[in-house]
Protein chains: 2
Amino acid sequence: MNTAAAPWVRIVVLPTPTIHNNIADADRLRAALALALPGETIDIDLDLLKLLPAVVRECNYRLRCALFRDRSRWMVTGIFSVDDARPILGLAVDLGTTRVVLRLIDLLNGAPLAEQAFDNPQSAVGPDVLTRIHHADTPEGLHHLNTLIITGLNSAIDAICRSVEFQPQDIVAMTVAGNTCMTHLLLGLEPRWIIREPYIPVVNRPGVLKTAALGIHVGPLARVLVFPNIGSYFGGDLIAGILFSKLHQRKDTAILVDVGTNAEVVLGNRDWLIGCAGAAGPALESGVTRMGMLAGPGVVDRVVIDPATGAFAIHAIEEKTPRGICGSGVIDLAAQLFMNGMIDLRGKLVAARCGGRLRVVDGMHHLVVVPAEQSATGEDLTISQADLDSLIRSKAAMYTILETLAMTVGLNLNELNAFFVAGTFGCFINPRSAIAIGMLPDLPLDRYIPIGNSSLEGAALALISATAIDEIDRIRDRITYLELNVNQDFMNRFSAAKFLPHTDPGRFPSLPHS
Amino acid sequence: MNTAAAPWVRIVVLPTPTIHNNIADADRLRAALALALPGETIDIDLDLLKLLPAVVRECNYRLRCALFRDRSRWMVTGIFSVDDARPILGLAVDLGTTRVVLRLIDLLNGAPLAEQAFDNPQSAVGPDVLTRIHHADTPEGLHHLNTLIITGLNSAIDAICRSVEFQPQDIVAMTVAGNTCMTHLLLGLEPRWIIREPYIPVVNRPGVLKTAALGIHVGPLARVLVFPNIGSYFGGDLIAGILFSKLHQRKDTAILVDVGTNAEVVLGNRDWLIGCAGAAGPALESGVTRMGMLAGPGVVDRVVIDPATGAFAIHAIEEKTPRGICGSGVIDLAAQLFMNGMIDLRGKLVAARCGGRLRVVDGMHHLVVVPAEQSATGEDLTISQADLDSLIRSKAAMYTILETLAMTVGLNLNELNAFFVAGTFGCFINPRSAIAIGMLPDLPLDRYIPIGNSSLEGAALALISATAIDEIDRIRDRITYLELNVNQDFMNRFSAAKFLPHTDPGRFPSLPHS
């Protein structure tokens, strides 16, 4: 077995006890593991001690040991006969506020075996972090939220294991990357102070815990690595993203952006990392427009307007009949509207150019994107002036955050060699459109690299690579967190960014100038 | 507060969180503790994380932290306000096969607060280690034995705390010293292989565990240090004894003997330690004679025979009417019988010298020690020839073990500067008598140092001194365990030691020669 490919599984053959070598089972195992892991501290806990005498004898002292590690010590997380054909599994979890994604991994070769997702059952309490934290303040509220996610996880673990005909008991290691609040609720920790100035989590580095202590039903000795956070607004999901993007190993400077309700941004290279998080406004994820929704079948994700005819070419996901529009669709739409003069520099609908698509509802302009007869709802899918205003604020906030971060280190945004865009949003966004509205800097398109669910990918990496797990804490410790100080300078930059693409068109040389 | 006097309690004042210092509660605490414990690894576990946000704020960031440590890391075991007047307690436990002794200690100044003892409730299953191990092999047997001792401990902890009007919750640290089997049963570990060749315990170094994981009801974050063992027959109780006797710190070579059913012996100094354990026969503890019993009120512990009149002067503990005789009494009696010619060189009763005290019962000689009219039982207290034969074998075994150990390192027993005698037996024994029968070497009497319940004392030391806790593992690791090889040489020495005092009277120069 290649231990480089399987850092968490070791074969050890213990010397058979004799009257001249009669050290205890646990110490015998520790000594054998110490040969494989020289100089390392090896933890053998009480639960393992209870199993050990029977197991070592049944296995005739020839063992496959599953191990896991935190900063300072290795923990035995499973113990099997070398002749046992049972798989040794790991589970990576992206613990999202809205959606939880699991990936089952064969720890012997690092291969992904299955992936499943489920809606975070805490959504029943409230869709966002804030509502849940307030709920956690009520009697039994924290216990309730904790039970919801643990129960949900246990069901999903059962299901994902069943899908490949393995057992939850075969899982010996887990990794969980989530934002600071979701992590607290998973651990049953009071999130109260996360949202109250000065915004203090209970813990920055939860480290490696026993899954049994969390109520997660996997192998009896299994451990779970919970990704660390930098603070209330910079969570383990983003640290997992950095790990996956390898931003922290680059010689040149690059940027990683994860956009949801918050924009979380990290800029840096192998020498330094600087991060910040700020409210980018909800327009970029979903929900801001009446027809706004998360990406999914039938959701409009691309829009092209024919400059000659003004006709809208609409693409909906999986080619289904349109039923709403997602963030990337809104950005496409806004870019196309702007390029065709249907919105002006300030994002206002230009009645003269919108023609028959314009409606006035409750005194406000609405633009019909998909007429009722072509929509899945049987109603017009529209975007209102208020929706567009919200998008403009969001894109301005996004650009201002990027600009502020770059300014802090004396860097020009257009100098970046790589711009990683994480998350569902990152997968669907058309960078050309995002540049056209001045949300993202005017980089050559090939520098925009969508990296998908980098939170899940980072969590999975830690199950596959022993060096990755070492890097997590190093990444965390190296990030300088920039507290976004919303002062007059920031507001000035924000105001300048509220134009399309910007009051300073020189920043967007690739765009046609009006 | 003098931290040297209270190594396990530290006052820490955390910087109050601000927007510019918004690390998490746990990391804030860890950073503050790191100032007090530079370079040390500090463990903050999930149970503490759950309490932490409320506690640090209630205490206004001014804390008394209780800590404990294993080889490599410090653990936070309790957290209190600096203004909280509650005591911070430790509990040392001598976990005996027959008797369990508890000492409650104030961790702030190391002062003993109370002491209590109770009979090991596992005695209901069987009086000795062997019976209990066989019981542990039956279905639910191990669980039953474990429940008995844990329940017994919890009751005793309640009682000892009540006796000084404190709460079990105030206990943050425990130490337990016991033999290897008792330790296994406390931890719920299978003792099966301890008594089967090649005699393998589950664990040699259990280390520091959470009391909650053992079901012990003390402080919610409390830890328990379980003393390590060398093997099946050399337990944590003896390591605690070495710690207390400071044998391992001496420049000159000394010996420590703990006599029960087994004789456990350690010889050494600050450079080396060699230990062994062997069956010394039950005569020395209790139970061998029909009237034999553990030391207690009314138990004969000293006997003097007037050489002129042959009158027996009997002393019973607490001056009560005699009801039995304990090991030290038997040794005194044998020495006096021998010095008065009432037993011969081989320990046989000499009819001509015993006069009216001799009875023949079932064809065997019995000697009346206390006649019926003076005894608490209303019957003669007698010692039989079989009892005396058993004593002779026991004393011969004892001497042979000592001799073998000394020979192994090329030392003459009579050169020892200090001879520590541990246990109840050690407190009551008259070294003069033990020398007279050739059980102990012929050292000047002032070199015999009874050290009482050194298992309890050693356990207590680890709660008082941070250096002591470091020494425990060092002692364990330094002991060379001599497997007593009962070969022809050993048997020859044993046969020679079966004479009173020995076939070689030159070894006992202080005794009158016949």
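Preceding block: the structure.
Participant: Let's hear about the interface of chain A and chain B: which residues, and what values?
Facilitator: Across the contact, 39 residues belong to chain A and 39 residues belong to chain B. Between chain A and chain B the total buried area reaches about 3300 Å² when both faces are included, carbon and sulfur atoms providing 60% of it. At the surface where chain A touches chain B, the tally comes to 4 salt bridges. Across the pair Arg-73 of chain B and Asp-43 of chain A runs a salt bridge whose closest N-O atoms are separated by 3.7 Å. Remark: the boundary between chain A and chain B carries 12 residue pairs in polar contact (both at pLDDT 80 or more). Here the element with the most residues in the side of chain A that touches chain B is helix α2 (residues 46-58) of chain A; it accounts for 6 residues. When the residues that make up the side of chain A that touches chain B are grouped by side-chain class, the tally is 20 nonpolar, 7 polar and 12 charged.

Participant: Quick one: what's the story with the pattern of salt bridges, residue by residue and with numbers?
Facilitator: A full pass over the atoms with the stated rule returns 52 salt bridges over all chains. Arg-73 of chain B is the salt-bridge partner of Asp-70 of chain B, the closest N and O atoms lying 3.5 Å from each other. This pair shows no difference in class: Asp-70 of chain B is buried, exactly as Arg-73 of chain B is. Because the salt bridges share partners, they merge into one network encompassing Asp-43, Asp-70 and Arg-73 of chain A together with Asp-43, Asp-70 and Arg-73 of chain B.

Participant: Give me the lowdown on the environment of Pro-322 of chain B, citing residues and values where you can.
Facilitator: All names here are of chain B. Along the chain, the position of Pro-322 falls in the loop between β15 (312-316) and β16 (324-325). Taking the C-alpha atoms as reference, Pro-322 lies 32 Å from Ser-163; in sequence the two are 159 residues apart. Apart from residues lying up to four places away in sequence, Pro-322 is in contact with Gly-298, Val-300, Ile-314, Ala-316, Val-370, Gln-374, Ser-375, Ala-376, Thr-377 and Leu-381.

Participant: Lay out the pairing of strand β3 (residues 62-69) of chain B with the relevant residues and their values.
Facilitator: Residues and elements named next belong to chain B. Here β3 lies mainly inside the structure; 7 of its 8 residues are buried. Note that strand β1 (residues 9-13) and β3 share 5 bridges and pair antiparallel. Counted as the bridge partner of Ile-11 is Arg-64 from β3. With 7 bridges joining them, β3 and strand β4 (residues 73-81) adopt antiparallel strand pairing. Each bridged residue has a counterpart across the sheet, and for Leu-67 the counterpart in β4 is Val-76. Between β3 and the antiparallel strand that follows it, β4, lie 3 residues.

Participant: Explain the relation of the copies chain A and chain B to me, and be specific about the residues and the numbers.
Facilitator: Structural alignment of chain A on chain B gives an RMSD of 0.1 Å, achieved by rotating through 180° and translating 0.0 Å along the axis. The superposition operator between the copies reduces to a two-fold rotation axis. For chain A, the residue whose C-alpha comes nearest the rotation axis is Ser-72 of chain A, separated from it by 4.6 Å. When the interface residues of chain A are mapped onto chain B, 97% of them again fall at the interface, so both copies present the same face.

Participant: Give a detailed account of the side chain of Arg-132 of chain B, specifying residues and quantitative values.
Facilitator: Residue and element names in this part refer to chain B. Within the fold, Arg-132 resides in helix α3 (residues 129-136). Buried within the structure, Arg-132 lacks any salt-bridge partner; Asp-128 is the closest side chain of opposite charge, at an N-O distance of 6.4 Å. Engagement of the side chain of Arg-132 in a polar contact is seen with the backbone oxygen of Pro-127, the distance being 3.4 Å. Excluding residues within four positions of it along the chain, Arg-132 makes contact with Thr-97, Asn-120, Gln-122, Ser-123, Val-125, Gly-126, Pro-127, Leu-145, Met-182 and Leu-185.

Participant: For helix α4 (residues 141-163) of chain A, give the residues involved together with the corresponding values.
Facilitator: The end-to-end C-alpha separation of α4 of chain A is 33 Å, in line with the 33 Å expected for 23 residues at 1.5 Å each. Backbone geometry just downstream of α4 of chain A places Glu-165 of chain A in the positive-phi region, at approximately 60°.

Participant: An account of the environment of Lys-348 of chain A is requested, with residue identities and associated values reported.
Facilitator: Residue and element names in this part refer to chain A. Structurally, Lys-348 can be placed in the loop between α8 (327-339) and α9 (351-354). Note on Lys-348: relative accessible area 28%, which makes it partly exposed. As for Lys-348 and Ile-392, which are separated by 44 residues in sequence, their C-alpha atoms are 9.8 Å apart. Non-local contacts of Lys-348, meaning those with residues more than four positions away in its chain, are made with Met-342, Ile-343, Gln-385 and Asp-389. Here Asp-389 takes part through its side chain, which lies 3.0 Å from a polar atom of the side chain of Lys-348.

Participant: Could you give an account of the sheet that holds β1 of chain B, naming the residues involved and the relevant values?
Facilitator: Two orientations exist for strands paired in a sheet by backbone hydrogen bonds: parallel and antiparallel. All names here are of chain B. If you walk across this open sheet you meet the 4 strands as β1-β3-β4-β2, and the pairing is mixed. Pairing within the sheet leaves two strands with one partner each, and these edge strands are β1 and β2 (41-43). Pairs of neighbouring strands in the sheet enclose a mean axial angle of 40°, with direction left out of account. Its contacts with the sheet place helix α2 (residues 46-58) against β3 and β4, and it is angled at close to 40° to β4.

Participant: Mind laying out the nonpolar core, listing which residues take part and the relevant values?
Facilitator: In this structure, Leu-29, Leu-63 and Phe-227 of chain A together with Leu-102 of chain B are the most contacted members of the largest nonpolar core, which totals 110 residues. Residue contributions to this core peak at 9 residues, all from helix α4 (residues 141-163) of chain B. Discounting chain neighbours no more than four positions away, the residues touching Phe-227 of chain A are Thr-175, Val-176, Ala-177, Pro-206, Gly-236, Ile-239, Ala-240, Leu-243, Gly-458, Ala-459, Ala-462 and Ile-472 of chain A. Core analysis: the next-biggest nonpolar cluster, separate from the first, contains 108 residues, Cys-161 of chain A together with Ile-42, Phe-68 and Phe-234 of chain B among them.

Participant: Pulling in residues and values, what's your account of the packing of aromatic side chains?
Facilitator: Enumeration according to the criterion identifies 12 aromatic pairs over all chains in this entry. Taking 4.9 Å as the distance between ring centres and 75° as the angle between the ring planes, the aromatic pair formed by Trp-8 of chain B and Phe-68 of chain B counts as edge-to-face. Of this pair, Trp-8 of chain B sits in the segment before β1 while Phe-68 of chain B sits in strand β3, placing them 60 residues apart in sequence. Between Phe-419 of chain B and Tyr-448 of chain B the ring centres are 4.8 Å apart and the planes differ by 45°, which places this aromatic pair in the tilted class. With a gap of 29 residues between them, Phe-419 of chain B in strand β20 (residues 418-422) and Tyr-448 of chain B in strand β21 (residues 448-452) connect regions that are remote in the sequence. Look at Phe-419 of chain B and you get buried, because its relative accessible area is 0%. Members of the aromatic cluster, each reached through a chain of ring pairs, are Trp-8, Phe-68 and Trp-74 of chain A. The residue whose ring lies beneath Arg-192 of chain B is Trp-193 of chain B, and the NZ or CZ to ring-centre distance is 4.8 Å. Over the ring of Phe-312 of chain B we find Arg-357 of chain B; its NZ or CZ atom is 3.6 Å from the centre of that ring.

Parameters at a glance
- Residues numbered from 1 in each chain as written.
- Chains lettered and ligands numbered in written order.
- Predicted model: local features only at pLDDT ≥ 70, side-chain atom pairs only at ≥ 80, totals over all residues.
- Heavy atoms only, no water.
- Contact = heavy atoms within 4.5 Å.
- Buried area = accessible area lost by both parts, 1.4 Å probe.
- Salt bridge = Lys/Arg side-chain N within 4 Å of Asp/Glu carboxyl O.
- Polar contact = N/O pair within 3.5 Å; in protein donor to acceptor, adjacent residues only side chain to side chain.
- Helix = DSSP H or I, 4+ residues; strand = E, 2+ residues; numbered from the N terminus.
- Nonpolar A, V, L, I, M, F, W, Y, C, P; charged D, E, K, R; others polar.
- Buried < 20%, exposed > 50% of the residue type's maximum accessible area, 1.4 Å probe, protein only.
- Pairing = 2+ DSSP bridges.
- Least-squares fit on C-alpha atoms with pLDDT ≥ 70 in both.
- Lys, Arg positive; Asp, Glu negative; His and termini not counted.
- Expected span 1.5 Å × (residues − 1).
- Axes fitted to C-alpha atoms, helices over the stretch in contact; angles between N-to-C directions.
- Core = buried A, V, L, I, M, F, W, Y, C linked by side-chain atoms within 4.5 Å.
- Phe/Tyr/Trp six-rings, centres within 6.5 Å; stacked < 30°, edge-to-face > 60°.
- Lys NZ or Arg CZ within 6 Å of the ring centre and 35° of its normal.

Spatial relationships are all this shows, so hold off on functional conclusions.
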